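The chain contents come next:
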Amino acid sequence: MRELWTWSVIAALVMGVLVWGLTFWAVIFHRKKKDSPEFPRQTAYNVPLELAYTAVPFVIIAVLFYFTVIVQNHVLEKKDNPNVVVDVTAYQWNWKFGYRSIDLGEGGGKYDGVDQEAQAAVESAPASEAEAEGEHAQPGPIHGKTPQDLSYLHYDKIETVGSSNEIPILVLPTGKRIQFELASADVIHAFWVPEFLFKRDVNPNPKENHSDNVFQISEIEKEGAFVGRCAEMCGTFHAMMNFEVRAVSPDKFAQYIELRKPASEGGRDMTTAEALQAIGESPVATSTSPFTTDRGYKQASGVEGN
Ligand SMILES: [Cu+2]
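Residues numbered from 1 in each chain as written. Predicted model: local features only at pLDDT ≥ 70, side-chain atom pairs only at ≥ 80, totals over all residues. Heavy atoms only, no water.

(A) Spotlight on the overall build of the protein chain. Across its full length, the protein chain holds 6 helices and 11 strands. For 306 residues, the compact-globule estimate of 2.2 N^0.38 gives 19 Å, and the C-alpha radius of gyration of the protein chain, at 28 Å, exceeds that figure by more than 25%. With respect to the three principal axes, the spread of C-alpha positions in the protein chain is 95 × 55 × 55 Å. Residue burial in the protein chain is summarised as follows: out of 306 residues, 35% are buried. Pairs at least 24 residues apart make up 69% of the contacts formed inside the protein chain by residues separated by at least 6 positions. Surface accessibility of the protein chain: about 19,500 Å² in total, with carbon and sulfur atoms responsible for 57%. Positive and negative side-chain charges of the protein chain, numbering 27 and 40 respectively, have mean locations separated by a distance of 12 Å. (Helix = DSSP H or I, 4+ residues; strand = E, 2+ residues; numbered from the N terminus. Rg over C-alpha atoms; globule rule 2.2 N^0.38 Å. Buried < 20%, exposed > 50% of the residue type's maximum accessible area, 1.4 Å probe, protein only. Contact = heavy atoms within 4.5 Å. Areas by Shrake-Rupley, 256 points an atom, 1.4 Å probe, with all protein chains shown as cover. Lys, Arg positive; Asp, Glu negative; His and termini not counted. Charge placed at Lys NZ, Arg CZ, Asp CG, Glu CD.)

(B) Spotlight on the packing of helix 1 (residues 2-29) against helix 2 (residues 47-75). The interhelical angle for the contact between helix 1 and helix 2, taken along N-to-C directions, is 170 degrees, at an axis separation of 11 Å. The orientation of helix 1 relative to helix 2 falls into the category roughly antiparallel. Here helix 1 contributes Leu 4, Ser 8 and Met 15 to the contact with helix 2, which in turn contributes Ile 60, Leu 64, Phe 67, Thr 68 and Val 71. The residue makeup of the contact of helix 1 with helix 2, split by class, is 6 nonpolar, 2 polar and no charged. (Axes fitted to C-alpha atoms, helices over the stretch in contact; angles between N-to-C directions. Parallel < 35°, antiparallel > 145°, perpendicular 65-115°, else oblique. Nonpolar A, V, L, I, M, F, W, Y, C, P; charged D, E, K, R; others polar.)

(C) Up close: the coordination of the copper ion. Bound to the copper ion on the protein side are His 189 (ND1), Cys 230 (SG), Cys 234 (SG) and Met 241 (SD), at distances that span 2.0 to 2.6 Å. Taken together, the 4 donor atoms coordinating the copper ion span angles of 94 to 126 degrees at the metal, a pattern that classifies the geometry as tetrahedral. Here the donor residues of the copper ion share one chain and are spaced in sequence as H-x40-C-x3-C-x6-M. A residue is classified by how much of its surface remains accessible, and Cys 234, at 5% relative accessible area, is buried. By relative accessible area, which is 0% here, Met 241 ends up buried. (Donors = N, O, S within 2.8 Å, 3.2 Å for Na, K, Ca; no water. Tetrahedral: all angles 85-135°; square planar, octahedral: opposite > 155°, others 65-115°.)

(D) Spotlight on the environment of Thr 288. In this fold, Thr 288 is placed in the segment after helix 6 (272-278). Residues Thr 288 and Val 227, spaced 61 residues apart in sequence, show a C-alpha to C-alpha distance of 6.5 Å. With residues near it in sequence (within four places) discarded, Thr 288 still touches Ile 167, Val 227, Asn 242, Phe 243 and Glu 244.

(E) Seen up close, the layout of surface pockets. In this structure, the largest pocket spans a volume of roughly 1,200 Å³. Along the wall of the largest pocket there are 31 residues; nearest its centre are Met 1, Arg 2, Val 75, Phe 196 and Leu 197. When residues of the lining of the largest pocket are traced back to their parent elements, those giving at least two are helix 1, helix 2 and strand 9 (214-217). Looking at the lining of the largest pocket element by element, the count peaks at 9 residues for helix 1. (1 Å grid on protein atoms, 1.4 Å probe; cavity = no way out; pocket = protein on both sides within 12 Å on 5 of 7 lines; lining within 4 Å. Points joined across faces, edges and corners; volume = space filled by probe spheres on them.)

(F) A look at the side chain of Thr 89. Within the element layout of this structure, Thr 89 appears in strand 1 (residues 84-91). You can call Thr 89 buried: its relative accessible area is 7%.

(G) Region of interest: the environment of Arg 268. You can see Arg 268 is positioned in the loop between helix 5 (250-260) and helix 6. Excluding residues that lie within four positions of it along the chain, Arg 268 makes contacts with Glu 258, Leu 259 and Lys 261.

(H) Spotlight on helix 2. Over its 29 residues, helix 2 extends 42 Å from the first C-alpha to the last, a length consistent with the 42 Å expected when each residue adds 1.5 Å. The opening residue of helix 2 is Asn 46, an N-cap whose side-chain oxygen sits 3.2 Å from the backbone nitrogen of Leu 49. (Expected span 1.5 Å × (residues − 1). Polar contact = N/O pair within 3.5 Å; in protein donor to acceptor, adjacent residues only side chain to side chain.)

(I) Seen up close, the pairing of strand 7 (residues 189-193). Most of strand 7 sits out of view: 4 of its 5 residues are buried. Two strands pair when backbone bridges link them, and strand 7 and strand 8 (residues 198-202) are joined in this way by 5 bridges, in the antiparallel orientation. Bridging from a neighbouring strand, Ala 190 pairs with Asp 201 of strand 8. The hairpin turn running from strand 7 into strand 8, its antiparallel successor, is 4 residues long, and Leu 197 in that turn takes a positive phi close to 55 degrees. Alignment of strand 7 against strand 10 (residues 224-230), held across 2 bridges, turns out to be antiparallel. Opposite Phe 191, over in strand 10, you have Cys 230 as the bridge partner. (Pairing = 2+ DSSP bridges.)

The following block contains the structure:
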């Protein structure tokens, strides 16, 4: 994407220099002479010239279109069996990340992270109050379901949920293919990690809203902390809906997952912060910090607040 943009700008600059050159050439060398009563030679209705400057822009558009499609297909490419599948749930105003499946290959072992119990509970839950009270509920507008039906959301055994005091950290391995599956529990949000050069709207009921809520990244190239944001105005605290992607080595990632697994699976049942600390990483986000959500909060610059 960066290469496409760089070359597009270079092409635009070349075009710009040409147009500026021609403009100034005409302005400077074809001025009306001071004491000459005549106009310069008129060159309108030059058919070959007009054909040329109609055809050339089409060629330019075609070339830009070609490279855009090539890059877009590459960016949107999905391969079978990604190494990590992450469920992303956006809600007003924070994020929940869950590991649906992990397969790091080479003796790493496969891990199925779906929380069957929670998933079954939400799928069998009554879709509305009327249904809960045993009344004959009206079929809802979304394929017969009501908007309150959240059974399309995914629930995993290892999850990280953000709060007003804690930025949610999504820990991921470097050098592995990662699949993101996005869904919102309420309004439309957008998942954006600026460093990934990619963002995608996060819809409630993604299928019914005809949005492709699944995308992959081929790999995260370097370790580090990358800030993530909600990029769709989603209400009062939209601006505070930040998160962090923490890219660690595959070894550290495997350790992290072991520490976070429930005790019933031989794990240590640790929180995100505890497990991060245990693998020698900062337990709190380093790329962004929580905002105060107290709307009455005001602080003069240079004055220590609380
Ligand atoms: Cu949002």
